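Secondary and tertiary structure notes
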Amino acid sequence: MIVAKDHSDSLERRRGARPAHLARLLALRDSGRLLLAGPLPAIDAEDPGPAGFAGSLVVAAFDSLEAARAWAAVDPYVEAGVYATVDIHPFKKALP
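Now for a description of the structure that goes with this document. These numbers come from a predicted model, not from an experiment.

1. Here's the deal with the environment of Leu 28
Tracing the sequence through the fold places Leu 28 in helix H1 (residues 11–30). For the pair formed by Leu 28 and Lys 92, sequence separation is 64 residues and the distance between their alpha carbons is 18 Å. Excluding residues within four positions of it along the chain, Leu 28 makes contact with Arg 33, Leu 34, Ala 60, Phe 62 and Trp 71.

Given below as C-alpha cells:
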C-alpha cells in the first residue's frame, strides 16, 4: 500500500504530471497487479476545485516492499514535486 501526502501548493504540478502518473497506474492494472488507486480530495467533494488534493492511495501487488518503494520512487508525482511524503506499508486484503 502506497500512501502519499501532497505538498499544500502542488495542485498545478499534480495536473501537469497526471497523464504520466495515470499511465503507470494503467500499466499496473493491465498486468493484473492493481487492486485500487485514487486521489484523496482535500475537501469532501467529488471535484475539490482549487482546494486540490491531500494525497493519493495505491494498493497494488509487488514482489516485495523494496519493489514497491522502487516503483513509487519514480512516480511522475514524485518527480514533479507533488508529494511531500510517500509511505509504503504491507497490505493484506481481507474483504471483500
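From this point on, the discussion continues.
2. A few points about the nonpolar core
Membership of the largest hydrophobic core is limited to nine residues, which are Ile 2, Leu 25, Leu 28, Val 58, Ala 60, Ala 68, Trp 71, Ala 72 and Ile 88. Where this core is concerned, the elements lending two or more residues are H1, strand E3 (53–60) and helix H2 (65–73). For this core, the element with the most residues is H2, which contributes three residues. Among all residues touching Ala 72, those that are not within four sequence positions of it are Ile 2, Val 78, Val 86 and Ile 88. Grouped together as the second largest cluster of nonpolar side chains are five residues, Ala 4, Ala 17, Val 82 and Tyr 83 included.

3. A look at the packing of aromatic side chains
Taken as a whole, this structure holds two aromatic pairs when the rule is applied. An angle of 50° between the planes, with centres 5.7 Å apart, marks the rings of Phe 62 and Trp 71 as tilted. Positioned above the aromatic ring of Trp 71, the side-chain terminus of Arg 24 is 4.0 Å from the ring centre.

4. Quick word on the side chain of Ser 10
Checked against the element boundaries, Ser 10 lands in the loop between strand E1 (2–6) and H1. Residue classification places Ser 10 among the buried residues on the basis of a relative accessible area of 2%. Contact partners of Ser 10, with chain neighbours within four places excluded, come to Gly 81 and Val 82.

5. Here's the deal with H1
The first and last C-alpha atoms of H1 sit 27 Å apart over 20 residues, in line with the 28 Å expected at 1.5 Å per residue. All buried positions along H1 are accounted for by Leu 11, Arg 14, Ala 17, His 21, Arg 24, Leu 25 and Leu 28. Of the surrounding secondary structure, the elements contacted by the buried residues of H1 are E1, strand E2 (34–41), E3, H2, helix H3 (76–79) and strand E4 (83–88). Note on H1: the residue one or two positions beyond its end, Gly 32, has a positive phi of about 80°.

6. Section: the pairing of E1
Only one face of E1 is covered, namely the one carrying Ile 2, Ala 4 and Asp 6; the face carrying Val 3 and Lys 5 has none of its residues buried. Bridging between E1 and E3 involves four bridges; their strand directions are antiparallel. Counted as the bridge partner of Ala 4 is Ser 56 from E3. Two elements, E1 and E4, share five bridges in a ladder whose sense is antiparallel. When the bridges of E4 are listed, Val 3 appears paired with Asp 87.

Definitions and cut-offs
- Residues numbered from 1 in each chain as written.
- Predicted model: local features only at pLDDT ≥ 70, side-chain atom pairs only at ≥ 80, totals over all residues.
- Heavy atoms only, no water.
- Helix = DSSP H or I, 4+ residues; strand = E, 2+ residues; numbered from the N terminus.
- Contact = heavy atoms within 4.5 Å.
- Core = buried A, V, L, I, M, F, W, Y, C linked by side-chain atoms within 4.5 Å.
- Buried < 20%, exposed > 50% of the residue type's maximum accessible area, 1.4 Å probe, protein only.
- Phe/Tyr/Trp six-rings, centres within 6.5 Å; stacked < 30°, edge-to-face > 60°.
- Lys NZ or Arg CZ within 6 Å of the ring centre and 35° of its normal.
- Expected span 1.5 Å × (residues − 1).
- Pairing = 2+ DSSP bridges.

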